[in-house]
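What follows is each chain in one-letter form.
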Amino acid sequence: FFQRPCSPMEISVVPDGADVKEDKMRCSRGQKIVPEDGRTQSQKSNFAGQNGLFREKKRRTCCLCCSLKEAVRTWFALRHWRDWLQGDGRGQLVSLLAAAVILIGSGTVVWSAIGGDENANSSWEQSSWMSWGLFFDPGTQTGVSAGAPTKVKATALIFSVLGFLYNLTFLGIIVEWIRSSMDRWSKTKSRIWYGNHILILGWSEKTLYLLNELFEALRSSGDFSVSVVVLAEREVSEMHQEVQQHFYQIWEGLSFFDRRWRLLNSLKLREGITHEGDALERAGASHAQEIIILSREGDQRNADLETVRVMVALSSLRQPVKCKVFAEVQMHEVETVLRRLHPDPTGTQVIHARAACNHILSLLATDQTVGGMITDLCSFTSGEELYVIQPLPEWQTFGQARKAFDRAVCIGVEATKKVANAHGTRIDLCPSDDRPMEAQERLLVMASNWADVEASTSSLFHWRSVDPDFMPSTLVSGEQNVFTKANARSSSPIPVDAEGARKRVYVVIGWPADFAEVLALLDEKVPPGTEVHVLSERSEAQRSALCAGKGQRKLRNINLEHLVGPRTSRKMLAELPLQEALDGVEGESQPGAILILAQLANQFMDLSEQIADDDEVGDDTLTCDSACLTSLLVIADILGETSGPRMSTPEACELLEARTYSLEAVSQKKSKIICEVLDPRTERVLWRNENLKKMAYFFRSKALETGIFMMAMSEPAVFNTLMILMSPSCPSMQVRPVQEFLPPRDTVAAFDEDAKEAKTWSNLSDAVRKRGGLLLGWKSQYEECQLGKDKQHDWAEGDMLIVIL
């Protein structure tokens, strides 16, 4: 029986079916038996078991060494049972039941061994019942008398505590199972039962801006019964956290009793796939009041294809969608497809907001007063708004309606038929005073708030005009030719003086994928010879490819100067003509602007094969905003160094002085530096940073796109009016010096430094009306824009009038 342990084995090849005695002899000599096919017996058995082709009879062990190995192998096989008992749900249940049996059995044995007490003796029946009581009910131990032996009290204490812990664990598992089941049912079985709600599909950086605009629009209309539902492929907790952080900061000064908190509390956030029919049905798409589809960030074509997928899912629901669907698209070819997918062709409103946003950016670069006014009009959250009202019966002409408002300004009429030179709309801007008011026509009024309009009329159609007596309006197409001079009016051009004819210098940091459209719009507004210096990581080949993909025509007035390098590099930024862009060169060029634009790598990238989708020159919105702010701070430091000499001071004072010079230098030129930001989180940072807010005009492009989208959604007439105001082929908003409309003076040819002239609003308004325009407001040299009528104002040199001409 006792044999020497096996020595290191030698491997010898033997034919299959060899005699077992010979195998034993070879094994005793320390040789390992390997068949001719090269596989050991265990490998052969595993191969046979895995493939199920044949089974070989297990060979008997030949010695103690092999028996021990088999025993160890069998012992390690128990690890699979342990994994099952601990890792599998059914195995965990078996483990808990086994633990309960062990505890109750142990208690029975111990109670019987100690002899019991007066409540339960040492019999197996009473001992098991006492053990069960101590295990299940911790109060059973209180039945043991205080004078009982120590061993009885110790037994009751130990098994009562162990049973209490076991029951806590078991009940916790049951509670966790119930909670997870209810959470699963809430995600898979819950649905929106009520109707009359607004359904928003998708989540992006625009969603928070959209909710803010939507709440402001509902508040202005007084409709607090409408609920808002958001369906997105994102965790509800993450969406809820972003909503709380955003609105708790921007509504920090609101009263606790403000009704906007009620709208926020009624917001419903749901997780689901926006192009799946079941998720849409559970979100109440079939009985919603309105459905909003915002275009997501990234590739232009893929974003529109995602919108088409959502529309296909909406059109395939078992209960057809009968409400209006507002969809934002970026390619005009998709508009026809989306309209065909909706059962009601007029029920789908396709909105192009990006082109209007690019045009406003070009306005800010060339004339910030007009650009700032248009930006305020494109949002419910700003001061100035456009209102659509029904005229009173006594207003027979446009002149009577215009003069009936004390503070607000009546700018036009929504006619009953299409108006010439208005891009196929019924918006008649700046009509003559003797124009008669017909039935079903509405007035377009511009005011700082509804109180300025309410004094003259009580009929408001500012949000969801559903009155059947009024004809629906068709939205203006957002194509680029709306904002160019291709269809300019035949009227005489605006005279340009020698100062305005000199070229301008612009510096652009970053090359967005749709920058070709911005260049085309900017080319329409600048004098010939204007220089545009662009710094970006994109190569010239990539920039040319993007311009070609956009169908870019040849620039007539702009000379492009390319500079390839990092946007945040101080060395590269110092090579740009920053000072010339802000101050101009005397006798050579006039001031332009510095544009710091967001550059996303995955946006509009499909139009050129030369540009890869994984381009490393851009990143997500938050990283892109960080790059823009870094470029702004580096520019501030460069301008601070060129603003004047600094005295030699200790190092710490030099750093502080450099920072002070930078802030002063940039703050004086804030209107000429435009920095684009995308993400709402960046906006929340800027909200509390006074130093950064002084350094530039922050162009919130995504917030502006959302505001334009909401204007089109709330009232098409307002959206069409905004598009026409920005179109050079229609009566547009302009800024003119006040001396153009003041009568010439005999003694003084121009304003002296201290000379002022008092004129009422009516005098200047009549002078503007003689030129065929309308007076909207004014801007003093040291004040911000003022919109609305003022009884009298002291006009001085440098004051500007905001007019529609």
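Look up: the structure comes first, before these words.
No experiment lies behind these values; they were computed from the predicted model shown.

Here's the deal with the nonpolar core
Okay, so step 1: The biggest cluster of nonpolar side chains holds 123 residues, and the ones touching the most others in it are Ile411, Leu443 and Met733.
Okay, so step 2: Residues within four places of Ile411 in sequence aside, it is in contact with Leu386, Phe398, Leu429, Cys430, Pro431, Leu444, Met446, Thr721, Leu774, Leu776 and Ile804.

Quick look at unusual backbone geometry
Okay, so step 1: The backbone of Cys430 shows a phi angle near 55 degrees, a positive value even though the residue is not glycine.
Okay, so step 2: Note that Cys430 resides in the loop between β11 (427-429) and β12 (442-447).
Okay, so step 3: Even without glycine at this site, Gln440 takes up a positive phi of about 70 degrees.
Okay, so step 4: For Gln440, the position within the fold is in the loop between β11 and β12.
Okay, so step 5: Exposure remark for Gln440: the relative accessible area of 42% places this residue in the partly exposed category.

Notes on the sheet that holds strand β10 (residues 409-414)
Okay, so step 1: Here four strands make up an open sheet; going across it, the order is β9-β12-β10-β11 and the pairing antiparallel. A strand with exactly one partner marks an edge of an open sheet, and here the two such strands are β9 (385-389) and β11. Strand-to-strand twist across the sheet, computed as the mean angle between neighbouring axes with direction ignored, equals 30 degrees.
Okay, so step 2: Sheet topology note: the β10/β11 ladder contains three bridges and is antiparallel. Bridge pairing links Gly412 to Leu429 in β11.

Notes on the packing of helix α13 (residues 354-366) against helix α26 (residues 701-714)
Angle between the axes and distance between the axes are the two parameters that describe a pair of packed helices.
Okay, so step 1: Closest axis-to-axis distance for the α13/α26 pair is 9 Å, and the angle between their directions is 125 degrees. By the criterion of interaxial angle, the relationship of α13 to α26 is oblique. The two elements α13 and α26 cross, and the hand of that crossing is right-handed. Contacts between α13 and α26 involve Arg354, Ala356, Cys357 and Ile360 from the first element and Ser701, Lys702, Leu704, Glu705 and Ile708 from the second.

Considerations on helix α27 (residues 716-725)
Okay, so step 1: Counted residue by residue, α27 has ten buried out of ten residues, so it is predominantly covered.
Okay, so step 2: All of the buried residues in α27 are Pro716, Ala717, Val718, Phe719, Asn720, Thr721, Leu722, Met723, Ile724 and Leu725.

Side note on the pairing of strand β6 (residues 290-293)
Okay, so step 1: Burial along β6 is two-sided: Glu290 and Ile292 facing one way and Ile291 and Ile293 facing the other are all buried.
Okay, so step 2: Of the pairings in the sheet, the one linking strand β3 (residues 197-201) to β6 comprises four bridges and is parallel in character. Counted as the bridge partner of Leu201 is Ile293 from β6.
Okay, so step 3: Relative to strand β7 (residues 324-328), β6 is paired through four bridges, and the arrangement is parallel. Within β7, the position partnered with Ile292 by the bridge is Phe326.

What to know about the side chain of Thr721
Okay, so step 1: The topology assignment puts Thr721 in helix α27.
Okay, so step 2: Note on Thr721: relative accessible area 0%, which makes it buried.
Okay, so step 3: At 2.7 Å, the side chain of Thr721 and the backbone oxygen of Ala717 are in polar contact.
Okay, so step 4: With residues near it in sequence (within four places) discarded, Thr721 still touches Leu386, Ile411, Ile427, Leu429 and Leu444.

Describing the environment of Ala100
Okay, so step 1: Structurally, Ala100 can be placed in helix α4 (residues 89-114).
Okay, so step 2: Residue Ala100 is classed as buried on the basis of its relative accessible area of 11%.
Okay, so step 3: For the pair Ala100 and Phe135, spaced 35 residues apart in sequence, the C-alpha separation works out to 8.4 Å.
Okay, so step 4: Once you skip the residues sitting within four places of it in the chain, Ala100 turns out to touch Phe135 and Tyr166.

Let's talk about empty space enclosed by the protein
Okay, so step 1: Following the criterion strictly, the structure yields four cavities of 30 Å³ or more and no others.
Okay, so step 2: Around the largest cavity sit 16 residues that line it, and Arg354, Pro512, Asp514, Ala598 and Glu676 are the ones nearest its centre.
Okay, so step 3: If you list the elements that add at least two residues to the lining of the largest cavity, you get α13 and α26.
Okay, so step 4: Looking at which element gives the most residues to the lining of the largest cavity, the answer is α13, with four residues.
Okay, so step 5: For the lining of the largest cavity, a count of residues per class yields nine nonpolar, three polar and four charged.

Calculation rules
Residues numbered from 1 in each chain as written. Predicted model: local features only at pLDDT ≥ 70, side-chain atom pairs only at ≥ 80, totals over all residues. Heavy atoms only, no water. Core = buried A, V, L, I, M, F, W, Y, C linked by side-chain atoms within 4.5 Å. Buried < 20%, exposed > 50% of the residue type's maximum accessible area, 1.4 Å probe, protein only. Contact = heavy atoms within 4.5 Å. Helix = DSSP H or I, 4+ residues; strand = E, 2+ residues; numbered from the N terminus. Pairing = 2+ DSSP bridges. Axes fitted to C-alpha atoms, helices over the stretch in contact; angles between N-to-C directions. Parallel < 35°, antiparallel > 145°, perpendicular 65-115°, else oblique. Left-handed = near helix turned anticlockwise from the far one by under 90°. Polar contact = N/O pair within 3.5 Å; in protein donor to acceptor, adjacent residues only side chain to side chain. 1 Å grid on protein atoms, 1.4 Å probe; cavity = no way out; pocket = protein on both sides within 12 Å on 5 of 7 lines; lining within 4 Å. Points joined across faces, edges and corners; volume = space filled by probe spheres on them. Nonpolar A, V, L, I, M, F, W, Y, C, P; charged D, E, K, R; others polar.

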